[in-house]
Amino acid sequence: MALDEKLAILNGVFGVVFGYLANYVYTMGLGFLSGIATIVFLLIGFIVSGHVTSKLFGNKSMSQKQWLGGGLPIYFFIAIVFWVLAYNGIF
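Below: a short report on this structure.

1. Regarding the environment of Val17
Okay, so step 1: Positionally, Val17 belongs in helix α1 (residues 3–26).
Okay, so step 2: Between the alpha carbons of Val17 and Ile78 there is a distance of 9.5 Å; along the sequence they are 61 residues apart.

As structure tokens, this is what we get:
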């Protein structure tokens, strides 16, 4: 399996976890700041996933451009989808 595919799978898993947890941040009762707090939470989750992938695959195995291009769209799409599903009570 290529490095890009492994990166996509790992970011997808992190997207599921942080997207589900984003529902709790959103419903915490912060008023109009709840959306901003949730987006910041998802950004922190993406940074955590980046550190985990750099430790798993090595710092020199991918450039920052590959990490952003291969991980960011997948992570945020899956995280937003699971956030909406959790918010609507589907699971």
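Having seen the model, we can carry on.
2. What about the packing of α1 against helix α2 (residues 34–57)?
Okay, so step 1: One can describe the packing of α1 onto α2 by two numbers: an axis separation of 9 Å at closest approach and a directional angle of 150 degrees. Put simply, α1 runs roughly antiparallel to α2. At the point where α1 passes α2, the crossing takes the right-handed sense.
Okay, so step 2: Broken down by class, the residue content of the contact of α1 with α2 amounts to 17 nonpolar, eight polar and one charged.

3. Let's talk about the side chain of Thr53
Okay, so step 1: By the element assignment, Thr53 lies in helix α2.
Okay, so step 2: By relative accessible area, which is 0% here, Thr53 ends up buried.
Okay, so step 3: Leaving out residues up to four positions away in the same chain, Thr53 has contacts with Leu7, Leu10, Gly58, Met62 and Trp67.

4. Quick word on the packing of aromatic side chains
Okay, so step 1: For the structure on display, the rule yields eight aromatic pairs.
Okay, so step 2: Within the aromatic cluster, the residues linked to one another by ring pairs are Phe14, Phe18 and Phe41.

Reading guide: rules and limits
- Residues numbered from 1 in each chain as written.
- Predicted model: local features only at pLDDT ≥ 70, side-chain atom pairs only at ≥ 80, totals over all residues.
- Heavy atoms only, no water.
- Helix = DSSP H or I, 4+ residues; strand = E, 2+ residues; numbered from the N terminus.
- Axes fitted to C-alpha atoms, helices over the stretch in contact; angles between N-to-C directions.
- Parallel < 35°, antiparallel > 145°, perpendicular 65-115°, else oblique.
- Left-handed = near helix turned anticlockwise from the far one by under 90°.
- Nonpolar A, V, L, I, M, F, W, Y, C, P; charged D, E, K, R; others polar.
- Buried < 20%, exposed > 50% of the residue type's maximum accessible area, 1.4 Å probe, protein only.
- Contact = heavy atoms within 4.5 Å.
- Phe/Tyr/Trp six-rings, centres within 6.5 Å; stacked < 30°, edge-to-face > 60°.

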